Amino acid sequence: MTINKIFNSCDEAVADIFDGATVMIGGFGSYGGLPINLIVALSKQGAKALTIIANMGGVGYELSHRIKPGGYQDSGILFENGQVRKFIGSVPALGGMPPTSPLERLFNEGKVEIEMVPQGTLAERLRGGAGGLGGFYTPVGVGTTVEEGKEKKVINGREYILELPLTADFALIKAHKADAVGNLVYRQTARCFNPVMAMAAKTTIVEVDEMVPTGRLDPEVIVTPHIYVNRIVEVPA
Amino acid sequence: MTINKIFNSCDEAVADIFDGATVMIGGFGSYGGLPINLIVALSKQGAKALTIIANMGGVGYELSHRIKPGGYQDSGILFENGQVRKFIGSVPALGGMPPTSPLERLFNEGKVEIEMVPQGTLAERLRGGAGGLGGFYTPVGVGTTVEEGKEKKVINGREYILELPLTADFALIKAHKADAVGNLVYRQTARCFNPVMAMAAKTTIVEVDEMVPTGRLDPEVIVTPHIYVNRIVEVPA
Amino acid sequence: MKDRLDEQTIALRAAREFTDGSVVNLGYGMPGLCANLIPGDRTVFFQSENGMLGYGILATDEEKDYELINASDQPVTPLPGMCFFDSAAAFDMIRGGHIDIVVLGAYQVSETGGLANWGRPGRPATGMGGGMDLAVGAKKVIVTMLHTTKDGGPRIVGNCTYPLTARRCVSLIITDLAVMEVTENGLVLKEIAPGWTVPEVQALTEADIKPAEDLKEIEL
Amino acid sequence: MKDRLDEQTIALRAAREFTDGSVVNLGYGMPGLCANLIPGDRTVFFQSENGMLGYGILATDEEKDYELINASDQPVTPLPGMCFFDSAAAFDMIRGGHIDIVVLGAYQVSETGGLANWGRPGRPATGMGGGMDLAVGAKKVIVTMLHTTKDGGPRIVGNCTYPLTARRCVSLIITDLAVMEVTENGLVLKEIAPGWTVPEVQALTEADIKPAEDLKEIEL
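Definitions and cut-offs
- Residues numbered from 1 in each chain as written.
- Chains lettered and ligands numbered in written order.
- Predicted model: local features only at pLDDT ≥ 70, side-chain atom pairs only at ≥ 80, totals over all residues.
- Heavy atoms only, no water.
- Helix = DSSP H or I, 4+ residues; strand = E, 2+ residues; numbered from the N terminus.
- Rg over C-alpha atoms; globule rule 2.2 N^0.38 Å.
- Buried < 20%, exposed > 50% of the residue type's maximum accessible area, 1.4 Å probe, protein only.
- Contact = heavy atoms within 4.5 Å.
- Areas by Shrake-Rupley, 256 points an atom, 1.4 Å probe, with all protein chains shown as cover.
- Lys, Arg positive; Asp, Glu negative; His and termini not counted.
- Charge placed at Lys NZ, Arg CZ, Asp CG, Glu CD.
- Core = buried A, V, L, I, M, F, W, Y, C linked by side-chain atoms within 4.5 Å.
- Buried area = accessible area lost by both parts, 1.4 Å probe.
- Salt bridge = Lys/Arg side-chain N within 4 Å of Asp/Glu carboxyl O.
- Polar contact = N/O pair within 3.5 Å; in protein donor to acceptor, adjacent residues only side chain to side chain.
- Pairing = 2+ DSSP bridges.
- Axes fitted to C-alpha atoms, helices over the stretch in contact; angles between N-to-C directions.
- pLDDT = per-residue confidence, 0-100.
- Nonpolar A, V, L, I, M, F, W, Y, C, P; charged D, E, K, R; others polar.
- Phe/Tyr/Trp six-rings, centres within 6.5 Å; stacked < 30°, edge-to-face > 60°.
- Expected span 1.5 Å × (residues − 1).
- Parallel < 35°, antiparallel > 145°, perpendicular 65-115°, else oblique.
- Left-handed = near helix turned anticlockwise from the far one by under 90°.

Caption draft 1: Structural view of the overall build of chain C. The helix and strand inventory of chain C stands at 4 helices and 13 strands. Taking 220 residues into account, the globule formula puts the C-alpha radius of gyration at 17 Å, and chain C, at 17 Å, falls close to it. Seen through its C-alpha atoms, chain C measures out along the principal axes to roughly 50 × 40 × 30 Å. The buried share of chain C, taken over its 220 residues, is 63%. For chain C, restricting intrachain contacts to residue pairs at least 6 apart in sequence, the fraction spanning at least 24 positions comes to 62%. When the accessible surface of chain C is totalled, it reaches about 8300 Å², and 49% of it is carbon and sulfur. Taking the 18 positively charged and 30 negatively charged side chains of chain C as two groups, their mean positions are separated by 5 Å.

Set out below in structure tokens:
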């Protein structure tokens, strides 16, 4: 096959992310499963007016030391840089942290929009986007602020709200190993939101701890089939 | 833990399936992944007026020789026995076979009801049942007989139909290996409809080629987590 | 009577549509033959709705493993880089637009690309399987079929009279007589079987067909 | 001032609710402590919404692996029989009713079991995470919380004034003063902290509480 998905650097892999793009960022929120090197590359690349879809908004480098000794970069850097117009996710800011994460600060200053989504609804909206559904009815959020502006329906005596699918121009995700065609496996809880985002974006860019030859991954254990992966960068852990 | 999921025989494992129960039958249709021993046990047990949810309706022992030398039992035996009131699935009868499968014969005689569901919609209705959704909108079936009697909605300019989730009293499924708590792995294309049915039924009964000690299955490769498995019978292949 | 293409040749012509790196699903019957007919210079990833991606050619009798089958119940062979998943994941791929090409059989195709390939008179219990999902979800739908019924009647029609699989879904029709593109302006005859003329093919086709400017003989 | 239970003791009381073989999800904060406090005669399977089932106690500093964390960012330890999956599968379990018990923190609980545990005045950007899904999906919702606010105000109220997580979802409330069941007839006081009287607890509770006929001291 003439198609080569392997990129030499994160910088090259994110080079064409354009102003106004919608970008999913994998992981769960903190260190495990977060595509840190791709996030940093995107912060250097400088694309503006992005819509970021991620479970959490990131705490920023300073606060990250409370989660992991030594700290780490997360999507906070994209907010600090003023690259983001809108955030869609379930935990824009952590209630347990003081109100000084980059996203929370910018939101309070009216500079970023937030669409708050219950976490399971976020996961399902991503799966809906990946799987070509028009939407789905969930009981989650009924009677809360989440139902505002949404269609409600009673099905078999229970109340549900209609939630719509999410797709994106790009997904930045983190996996443990990739083979040369792009099949992916993850490591422990670093799997989290990465597989569904890989499926839901037009162009999926993955950073992996290790590349292995095609055929080395057991076909029974591949989590993300290669057709969902467009670009791979090896960043040894 | 005092709960023991391991049963000594398929007969014991299906003993409490009651008249009028809804029973999912895993596999895809033909030999691979079909819980043959549980099906035969259910045919001996004799429960009546069942609703069967399965991808295919089975061809019956006689025609099965065309698919696999030596033949095999499939859900055909449940129809032959007059145990079934209704079938829900995507391929009640194979167009490529002469019209003599047990289900097709009984349907033509007006003795069994059929609810025809596109295969992807079947898979998604099972997932919806497993995941507590109220329903979902799919573009599949628009403009065909499948949309009859269903709500239609235009979302972002595309037409969709509303499909409702499926659940069942029991699922009979086939896996390759189980550990003692009930985690399951499958083998190659014998995975198919088994994992989603395991998730969607109140009581899931599995026949496996091999039992292994808990801890022997790699936690990264378990396909069906044990909370979806209620009863296990080892039937060496 | 003039020669018509045999099933093997129709499948070979269909396989020429598979671009390098494409993800292809093969429907029940004649389309399954394409698995063994990929042009040598290309890598094609075959997807099967029972939950498999990247399988190889059909298995010989010695190789047969009934837990390694495609959705048409045919044992196939493994290839490096292949993977397995459940049926729900298989249809996320299909319905979500991640399949580049599907090759399907048909009872009828209409001039607007409507497809009827699962139900026929007298067999109300035969089902659509994954055909509706594939017809709606794949980026390109190719139909391989015989041009006429056993009685010589047309299968390429103004409107399908058999139960529909999906409206306006077929892009390319490959028969034992012709290769036709479904366009906004109707059916365009791109290639024709050796020795056949446009009026002869039109006579066996209910829908109007327009010869393409570059109409040529079917090439393999 | 009289003694109130500390967080460790509240968590210990909550862990006594975990029946043998139950599947339990632990929310952010105090509920996380329960992982280390399972009664010795029981097997409990802890589920975490980032995609893990069957993890063990919290990891020591030497054991910490930041790719083996619960949904509260705490590194945990592996156990035989555990497994990993993605977040969508995690919420199929949760929303689909496959979690027996969830223990959640709360800002407020109402007398009808309404729960407010994610938003509070002045922090409009803090989100609900998986709390709404857990409150709606788990078979039994246990809340562990301090009985009153820092200023001594009630947290167990007639109607929640903070943003709701879900209506009518809480079954059992465990505080530093009391264990209360949410029933069709309102809050029933089942257990009370040593040395406290019913009127004293009622005075710190906005909602009416009815002492159970078998009201007893909190036992551990």
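The discussion continues.
Caption draft 2: Representation of the nonpolar core in the model. Ranked by size, the top nonpolar core spans 147 residues in total, and within it Ile-17, Val-23, Met-24 and Leu-126 of chain B together with Phe-18 and Ile-173 of chain D carry the most contacts. Looking at this core element by element, the count peaks at 7 residues for strand β9 (residues 168-179) of chain B. In contact with Leu-126 of chain B, other than residues within four places in its own chain, are Met-24, Ile-53, Leu-166, Phe-193, Val-196, Met-197 and Ala-200 of chain B.

Caption draft 3: The interface of chain D and chain B, seen in detail. Counting from both sides, the interface comprises 18 residues of chain D and, opposite them, 21 residues of chain B. Across the chain D/chain B interface, buried area totals approximately 1600 Å², and carbon plus sulfur atoms make up 65% of it. For the pair chain D and chain B, the interface holds 0 salt bridges. Counting every contact that joins chain D to chain B gives 4 residue pairs in polar contact (both at pLDDT 80 or more).

Caption draft 4: The sheet that holds strand β8 (residues 140-144) of chain C, seen in detail. Residue and element names in this part refer to chain C. Spatial ordering of the open sheet is given by β4-β3-β2-β1-β5-β8-β10-β11-β12-β13, a layout of 10 strands whose pairing is mixed. Looking at strand neighbours, the two that pair on one side only are β4 (83-84) and β13 (209-217), the edges of this open sheet. Alignment of strand β1 (residues 23-26) against strand β2 (residues 45-48), held across 3 bridges, turns out to be parallel. What sits directly across from Asn-25, in β2, is Gln-47. Along the sheet face, helix α1 (residues 7-15) touches β5 (101-104), β8, β10 (170-174), β11 (178-183) and β12 (186-192) and points at about 140° away from the line of β10.

Caption draft 5: Just the confidence of the model for chain C, in detail. Here chain C averages 96 in pLDDT, and 100% of its residues register 70 or above. Confidence metrics for the complex model read pTM 0.97 and ipTM 0.97.

Caption draft 6: View of the interface of chain A and chain D. Each side of the interface is counted separately: chain A has 51 residues, and chain D has 36 residues. A buried area of about 3700 Å², summed over both sides, lies between chain A and chain D, and 57% of it is on carbon and sulfur atoms. On the chain A side of the interface with chain D, the three residues burying the most area are Phe-28, Gln-188 and Thr-189 of chain A, jointly 16% of the side's total. At the boundary of chain A and chain D, one finds 7 salt bridges. For Asp-92 of chain D, the salt bridge goes to Arg-127 of chain A, with nearest N and O atoms at 3.1 Å. Those elements that place two or more of their residues in the side of chain A that touches chain D are α5 (102-108), β5 (113-116), α6 (119-130), β8 (158-163) and α7 (194-200) of chain A. Ranked by residue count, the leading element in the side of chain A that touches chain D is α6 of chain A, at 6 residues. When its residues are assigned to classes, the side of chain A that touches chain D shows 26 nonpolar, 16 polar and 9 charged.

Caption draft 7: Fine view of the packing of aromatic side chains. All chains considered together, the criterion is met by 17 aromatic pairs over all chains. Judged by centre distance (5.6 Å) and plane angle (70°), the rings of Tyr-31 of chain B and Tyr-72 of chain B are edge-to-face. Of this pair, Tyr-31 of chain B sits in the loop between β2 (22-25) and α2 (36-45) while Tyr-72 of chain B is found in the loop between α3 (60-64) and α4 (76-80), placing the two residues 41 residues apart along the sequence. For Tyr-72 of chain B, a relative accessible area of 4% gives the class buried. One aromatic cluster is present, built from ring pairs that chain together Tyr-31 and Tyr-72 of chain A together with Tyr-66 of chain D.

Caption draft 8: A look at α6 of chain A. All names here are of chain A. Its 12 residues place the ends of α6 17 Å apart at the C-alpha level, agreeing with the 16 Å of an ideal helix rising 1.5 Å per residue. A large share of α6 lies buried, amounting to 12 of its 12 residues. All of the buried residues in α6 are Gln-119, Gly-120, Thr-121, Leu-122, Ala-123, Glu-124, Arg-125, Leu-126, Arg-127, Gly-128, Gly-129 and Ala-130.

Caption draft 9: Representation of the packing of helix α6 (residues 119-130) of chain B against helix α2 (residues 87-95) of chain C. Where α6 of chain B contacts α2 of chain C, the axes come no closer than 9 Å and their chain directions differ by 125°. Taken together, α6 of chain B and α2 of chain C sit at an angle that is classed as oblique. In this structure, α6 of chain B crosses over α2 of chain C, and the sense of that crossing is left-handed. In contact with Gln-119, Gly-120, Ala-123, Glu-124 and Arg-127 of chain B of α6 of chain B, α2 of chain C contributes Ser-87, Ala-88, Phe-91, Asp-92 and Arg-95 of chain C. In terms of residue class, the contact of α6 of chain B with α2 of chain C is made up of 3 nonpolar, 3 polar and 4 charged.

Caption draft 10: Highlighting the side chain of Glu-207 of chain A. All names here are of chain A. Among the secondary structure elements, Glu-207 is positioned in strand β11 (residues 201-212). No salt bridge forms around the buried Glu-207; measuring N to O, its nearest opposite-charge neighbour Lys-174 is 5.8 Å away. Among the polar contacts listed, one links the side chain of Glu-207 to the backbone nitrogen of Ile-36, at a separation of 3.2 Å. Within the structure, the side chain of Glu-207 is placed 2.8 Å from the backbone nitrogen of Leu-38, a separation counted as a polar contact. In this view, Glu-207 contacts Pro-35, Ile-36, Asn-37, Leu-38, Ile-173, Lys-174, Ala-175, Val-233 and Val-235; residues no more than four positions away in its chain are not counted.

Caption draft 11: Quick look at the pairing of strand β3 (residues 50-53) of chain B. All names here are of chain B. The side-chain alternation of β3 yields two buried faces, one formed by Leu-50 and Ile-52 and the other by Thr-51 and Ile-53. Pairing of β2 with β3 involves 3 bridges; the strand directions are parallel. Paired with Met-24 across the bridge in β3 is Ile-53.

Caption draft 12: Local environment of the pattern of salt bridges. Within the structure shown, the criterion is met by 64 salt bridges over all chains. Of the charged contacts, one joins Glu-67 of chain D and Arg-187 of chain A as a salt bridge, the two residues approaching to 2.9 Å between their closest N and O atoms. Residue Glu-67 of chain D is found in the loop between β3 (52-55) and β4 (83-84), and its partner Arg-187 of chain A is found in the loop between β10 (184-185) and α7; the two belong to separate chains. With its nearest N and O atoms 3.5 Å apart, the salt bridge here joins Arg-95 of chain C to Glu-124 of chain B. Residue Arg-95 of chain C is located in helix α2, and its partner Glu-124 of chain B is located in helix α6; the two belong to separate chains. Residue Arg-95 of chain C shares its accessibility class with Glu-124 of chain B, and that shared class is buried. Put simply, Arg-85, Lys-86, Glu-113, Glu-115 and Arg-125 of chain A are held in one network by salt bridges that share partners.

Caption draft 13: Main features of the sheet that holds strand β9 (residues 156-157) of chain D. Residues and elements named next belong to chain D. If you trace the 3 strands from one edge of the open sheet to the other, you get β7-β6-β9, paired in mixed fashion. On the outer flanks of this sheet lie β7 (115-116) and β9, each paired with one strand and no other. Inspection of the sheet shows strand β6 (residues 108-110) paired to β7 by 2 bridges, in the antiparallel sense. Considered in β7, the bridge of Gln-108 is made with Ala-116.

Caption draft 14: Spotlight on the pairing of strand β3 (residues 52-55) of chain C. All names here are of chain C. Judged from the 3 bridges that link them, β2 and β3 form a sheet pairing that is antiparallel. Among the inter-strand pairings, Phe-46 is bridged to a residue of β3, identified as Tyr-55. Between the antiparallel neighbours β2 and β3 lie 3 residues, among them Gly-51 with a positive phi of about 120°. The sheet contact formed by β3 and β4 spans 2 bridges and is antiparallel. Each bridged residue has a counterpart across the sheet, and for Leu-53 the counterpart in β4 is Cys-83.

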